[in-house]
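# Descriptive structure summary
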Amino acid sequence: MLGTLTILLLCQLAGELIARLLHLPIPGPVLGMLFLFAGLLLRGGVPRAIQDTAGGILRHLSLLFIPAGVGVMTHADRLSAEALPIILALFGSTLFGVAVTAKMMAALLRPTSASADEAANPGAKP
Amino acid sequence: MNGALNNDLREIWVYLSASPLAGLTMTLVAYQIGLWVFERFGRRPVLNPVLIAVLLLAGMLTASGIEYRTYFAGAQFVHFLLGPATVALAVPLYNQFRQVRQSALAMLAALLVGSAASSLSAVALAWIFGGSAATLRSMAPKSVTSPIAMGVSEQIGGLPSLTAVFVILTGIIAATFGTWALNLVRVKDWRARGFGMGVAAHGIGTARALQVNEVAGAFAGLGMGLNGLATALLLPTLYHLFW
């Protein structure tokens, strides 16, 4: 747990440093994800401890967005003054974006056995 | 007696509203309540735990007159973990790497189309219905994860903190109604469903995809990372080209 957290932070730190040094427009954590990914490829497997801790953090990924989300209250004035364009734009573009991306991808993919039809149990295996 | 009690209460109130403990605890409690409601009433996507928690917290802060800044001083410890959690997405990505490699080309095409579709349709809809210039600019990068979106928003003349709000709302909308949209266009492949959620709705879409299926989760994480890159690189360039 502690070891994994250290590795995650080290990857993020390396990502932040390199993004700043090379003036890359990529955020540090995204670079850090690539570093950890490269590390796992080199090692040829995910150690049990990393698998468990990463799984634990990611299971509650949505918790981490709450503090920024509460920031909605600081924009209450603008949100109510422009409620119609904001609501329509957010709903329309988000659902359109999800659908277009997925449809495009599905059209170009070769089908595999693992589709939403057969995998009836949502907890599913890899 | 009564006066002394009131004084004690006031002191406690002063202590709580100034220390990070309250903001941090409130965030976790609100999330637990959100999760409980979600589980208790049949895991309906409309009862999104983030949505419930955000509404509870915003309501409580407004009612008690605590400023957002004061709350965030405590809640930032939760916010900070977004960084390590993004790094941790490498694990599901590695677990699904074989599948990811096989679909690289389809992914690239879907990324470009999906990224442009999300951003352009957001700006166009807001413009048609009379949104202000600041709103339009803050809207453009709203599909990607907040640190990238806020940086891009600043580069194109938007309001970064408003963009952060749009980012979160986008995520909640996708987590709540994304399944419905995917069923509507009859996409059944988990890879495509996950990728769509990640490209159009970043980490919250990814969190939702991970809840449903690990393959979908891995592709969502990758979609979120790739669209982060694409938006950070392309959007400011295009903006400066045309305006």
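These numbers were taken from a predicted model, which means no experiment stands behind them. Starting afresh in each chain, residues are numbered from 1 along the sequence in its written order. To read the labels, note that chains go from A and ligands from 1, taken in the order they are written. It should be noted that, the model being predicted, local features are given only for residues of pLDDT at least 70 and side-chain atom pairs only at 80 or more, the latter also being counted only at that level, while totals for whole chains, interfaces and linings use all residues.

### Things to note about the overall build of chain B
- Only runs of H or I of at least four residues qualify as helices and only runs of E of at least two qualify as strands under DSSP, and these elements are numbered from the N terminus. Secondary structure assignment for chain B yields 13 helices and zero strands.
- Going from the N terminus to the C terminus, chain B shows its helices and strands as α-α-α-α-α-α-α-α-α-α-α-α-α.
- Counting only C-alpha atoms, chain B reaches 75 × 45 × 30 Å along its principal axes.
- Once C-beta atoms are placed from the backbone, each residue is buried if 20 or more other C-beta atoms lie within 10 Å of its own, exposed if 12 or fewer, and partly exposed for counts between those two. Within chain B, the proportion of its 243 residues that are buried is 53%.
- A separation of at least 24 residues holds for 59% of the contacts in chain B among residues at least 6 apart in sequence. With C-beta atoms placed from the backbone, a contact is any residue pair whose C-beta atoms sit within 7 Å.

### Considerations on unusual backbone geometry
All names here are of chain B.
- Phi is positive for arginine 186, which is not a glycine, with a value near 55 degrees.
- Residue position: arginine 186 is located in the loop between α11 (160–184) and α12 (190–212).
- C-beta crowding within 10 Å serves as the criterion here: with 10 such atoms nearby, arginine 186 is assigned to the exposed category.
- Backbone geometry places histidine 202, a non-glycine residue, at a positive phi of 40 degrees.
- Mapped onto the elements, histidine 202 comes out in helix α12.

### A short note on the domain arrangement of chain B
Residue and element names in this part refer to chain B.
- The domain limits used here are those given by an automatic or database domain assignment. With domains assigned, chain B is organised as domain 1 (2–80) and domain 2 (86–242).
- With five residues of domain 1 at the contact, the number on the domain 2 side is five residues.
- Each residue gets one label: Ala, Val, Leu, Ile, Met, Phe, Trp, Tyr, Cys and Pro are nonpolar, Asp, Glu, Lys and Arg are charged, and the others, such as Gly, are polar. For the side of domain 1 that touches domain 2, the residue count by class is four nonpolar, one polar and no charged.

### Observations regarding the domain arrangement of chain A
- The domain architecture assigned to chain A consists of domain 1 (1–60) and domain 2 (78–109).
- Each of domain 1 of chain A and domain 2 of chain A was reduced to a C-alpha centroid, and the two centroids are 30 Å apart.

### Description of the interface of chain B and chain A
- The interface is formed by 101 residues belonging to chain B together with 71 residues belonging to chain A.
- For the side of chain B that touches chain A, the residue count by class is 68 nonpolar, 28 polar and five charged.

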